[in-house]
Amino acid sequence: LTDAARPGAPLAYVSAGFLALTGHPADKLLGSGLRALAGPSTDALALSILDNNLAAGRETSLCLLCYRADGTPFWGQLYVSALRDRAGAVTAHVACLSEV
């Protein structure tokens, strides 16, 4: 879950499953963006699409080369959807990541 009110939409909550999949501790991920899972071979264009869609409040589904805390790469299907308040403003994003 991200905080869309803060620049870069940092992670505000991460589930135990997300932590188990990535190997990252919560204190490293909380306050950072979804880019915390990116590494040297992650597709820069895909990250740009993710950033643009987050900023625009658009639903996004991408297959990304992600990196675990120990540096091990894995392919992850990332799905992100915006949560809006009654006025239609994006307040948060729900992100789901599964290994493929």
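Residues numbered from 1 in each chain as written. Predicted model: local features only at pLDDT ≥ 70, side-chain atom pairs only at ≥ 80, totals over all residues. Heavy atoms only, no water.

Student: Could you give an account of the overall build of the chain, with specific residues and numbers?
Tutor: Of regular secondary structure, the chain possesses three helices and four strands. Secondary structure elements of the chain, listed N to C terminal, follow the sequence β-α-α-α-β-β-β. The C-alpha radius of gyration of the chain comes to 13 Å, within 12% of the 13 Å expected for a compact globule of 100 residues. When the 100 residues of the chain are sorted by exposure, 34% land in the buried category. Carbon and sulfur atoms make up 57% of the accessible area of the chain, which amounts to about 5,500 Å² in all. Of the side chains in the chain, 7 bear a positive and 8 a negative charge, and the two mean positions are spaced by 5 Å. (Helix = DSSP H or I, 4+ residues; strand = E, 2+ residues; numbered from the N terminus. Rg over C-alpha atoms; globule rule 2.2 N^0.38 Å. Buried < 20%, exposed > 50% of the residue type's maximum accessible area, 1.4 Å probe, protein only. Areas by Shrake-Rupley, 256 points an atom, 1.4 Å probe, with all protein chains shown as cover. Lys, Arg positive; Asp, Glu negative; His and termini not counted. Charge placed at Lys NZ, Arg CZ, Asp CG, Glu CD.)

Student: Account for unusual backbone geometry, naming residues and giving values.
Tutor: If you check the backbone angles, A9 has positive phi at about 45 degrees while not being a glycine. Here A9 shows up in the loop between β1 (2-3) and α1 (16-22).

Student: Go over the state of the cysteines, please, and point to the residues and values.
Tutor: For the structure on display, the rule yields zero disulfides. Of all cysteine sulfurs, the one in C63 lies closest to C66, which takes part in no disulfide; the gap is 8.1 Å. On the basis of relative accessibility, which here comes to 4%, the residue C66 falls in the buried class. For the unlinked cysteine C96, the closest cysteine sulfur is that of C66, found at 13 Å. (Disulfide = S-S within 2.5 Å.)

Student: Please set out the sheet that holds β1 residue by residue, giving values where relevant.
Tutor: Strand order in the open sheet formed by four strands is β1-β4-β3-β2, with antiparallel pairing between adjacent strands. This sheet does not close on itself; its edge strands, each paired only once, are β1 and β2 (60-67). Note: β1 against strand β4 (residues 90-99), two bridges, orientation antiparallel. Paired with D3 across the bridge in β4 is A92. Of the strands in this sheet, β2, β3 (73-84) and β4 are in contact with helix α3 (residues 44-56), which crosses β2 at around 135 degrees. (Pairing = 2+ DSSP bridges. Contact = heavy atoms within 4.5 Å. Axes fitted to C-alpha atoms, helices over the stretch in contact; angles between N-to-C directions.)

Student: Residue-level account of α3, with values.
Tutor: In an α-helix there are 3.6 residues to a turn, and that puts residues three or four apart on one side. Taking 1.5 Å of rise per residue, 13 residues should cover 18 Å, and α3 covers 18 Å from first to last C-alpha, within 8% of that figure. Those residues of α3 that fall on the buried side of the exposure criterion are A46, L47, L50, N53 and L54. Buried residues of α3, seen end-on, are gathered within an arc of 130 degrees and therefore sit on one face of the element. For α3, the exposed residues set more than 90 degrees away from the buried face come down to A44, L45 and A55. Taking the backbone nitrogen of L45 as reference, a side-chain oxygen 3.0 Å away marks D43 as the first, capping residue of α3. (Expected span 1.5 Å × (residues − 1). Arc of directions from axis to C-beta. Polar contact = N/O pair within 3.5 Å; in protein donor to acceptor, adjacent residues only side chain to side chain.)

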